[in-house]
Amino acid sequence: MRIFAKLVAAIMCACIACTGCGCLKSDKASCVRTCKSDSVMVAALGDSVSRVILDARNVTVVNTSTDMPDNAPKRLRLSTNAVKTLQFLLEDPANYRSDKPVYGSFNPSVIYTFKSHRKEISVQCDFGLGKFAIVGKDGSRQAVYDLGNRDMLRFALTIYPSDRLLQAIYNNK
């Protein structure tokens, strides 16, 4: 009887170990694919543009404001945590709801450049108009949307806290 109990326990342990290892590899890969492809951003911008933004290894930010102190850096490379935060903010569904016409010319305050392999996409944010544009490597605008909330402005203020123009826009909205 003891031999039978030990044999059953050994078979159960072997089955659990084999099943656990096999499922872990396949489920993890399919879960990542499903989560990334079901995004509102993917539906709005297309798979190729959103893939560059979500898979970017190098993200630089440029502040085009003239209200920066002279000693402040205008071009910065974002850290890994900042890149993940920016990707999260760009995936917000509120950012892709509308593109209402506004009076004024689009003049970006902050430009984020995403580089993934050989592809490059820029996200230009005009906080005065409350809009952002997706621009290709050749400079052509692929899409323009309204900023759904102030989160992108807050993020830009964390990068450039000494920019008086961004602070003024933040305090007035």
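Look up: the structure comes first, before these words.
A brief structural summary. (Residues numbered from 1 in each chain as written. Predicted model: local features only at pLDDT ≥ 70, side-chain atom pairs only at ≥ 80, totals over all residues. Heavy atoms only, no water.)

Things to note about the overall build of the protein chain
Along its length, the protein chain carries six helices and six strands. Across the protein chain, helices and strands are ordered from the amino to the carboxyl terminus as α-α-α-β-β-α-β-β-β-β-α-α. By residue count, 38% of the 173 residues in the protein chain fall in the buried class. Counting contacts in the protein chain only where the partners sit at least 6 residues apart, residues at least 24 apart contribute 56% of the total. (Helix = DSSP H or I, 4+ residues; strand = E, 2+ residues; numbered from the N terminus. Buried < 20%, exposed > 50% of the residue type's maximum accessible area, 1.4 Å probe, protein only. Contact = heavy atoms within 4.5 Å.)

Structural notes on the packing of helix α5 (residues 151-159) against helix α6 (residues 164-172)
Closest axis-to-axis distance for the α5/α6 pair is 10 Å, and the angle between their directions is 145°. The way α5 lies across α6 gives a crossing that is left-handed. Residues Leu 153, Arg 154, Ala 156 and Leu 157 of α5 touch α6, and the partners they reach there are Leu 166, Gln 167, Ile 169 and Tyr 170. Split by residue class, the contact of α5 with α6 holds six nonpolar, one polar and one charged. (Axes fitted to C-alpha atoms, helices over the stretch in contact; angles between N-to-C directions. Left-handed = near helix turned anticlockwise from the far one by under 90°. Nonpolar A, V, L, I, M, F, W, Y, C, P; charged D, E, K, R; others polar.)

A closer look at the environment of Ile 159
The topology assignment puts Ile 159 in helix α5. Along the sequence, Ile 159 and Val 61 sit 98 residues apart, while their C-alpha atoms lie 8.9 Å from each other.

Quick notes on the sheet that holds strand β2 (residues 75-77)
Strand-to-strand pairing in sheets goes through backbone hydrogen bonds, with the strands running parallel or antiparallel. If you trace the six strands from one edge of the open sheet to the other, you get β2-β1-β3-β4-β5-β6, paired in antiparallel fashion. Edge positions in the open sheet fall to β2 and β6 (141-146), since each of these has one partner strand only. Across the sheet, the mean angle separating the axes of adjacent strands is 20° when strand polarity is ignored. Both strand β5 (residues 131-135) and β6 contribute to a ladder of five bridges, which runs antiparallel. Bridging from a neighbouring strand, Val 135 pairs with Arg 141 of β6. Here helix α4 (residues 80-90) sits on the sheet in contact with β1 (58-63), β3 (110-116), β4 (119-126) and β5, set at roughly 105° to β3. Packing against the sheet, α5 makes contact with β1, β2, β3 and β4, and its axis sits at approximately 90° to β3. (Pairing = 2+ DSSP bridges.)

Looking at the packing of aromatic side chains
All told, the structure shown has four aromatic pairs when counted by the stated rule. Look at Tyr 96 and Phe 132: their rings are 5.8 Å apart centre to centre, the planes differ by 85°, and that puts the pair in the edge-to-face class. Separated by 36 residues along the polypeptide, Tyr 96 in the loop between α4 and β3 and Phe 132 in strand β5 bring together distant segments of the chain. The same class applies to Tyr 96 and to Phe 132, which are both buried. Ring geometry for Tyr 96 against Tyr 145: centres 5.2 Å apart, planes inclined by 75°, an arrangement best described as edge-to-face. Placement of Tyr 96 in the loop between α4 and β3 and of Tyr 145 in strand β6 is noted, with a sequence separation of 49 residues between them. (Phe/Tyr/Trp six-rings, centres within 6.5 Å; stacked < 30°, edge-to-face > 60°.)

None of the figures reported here should be taken as evidence of function without further support.
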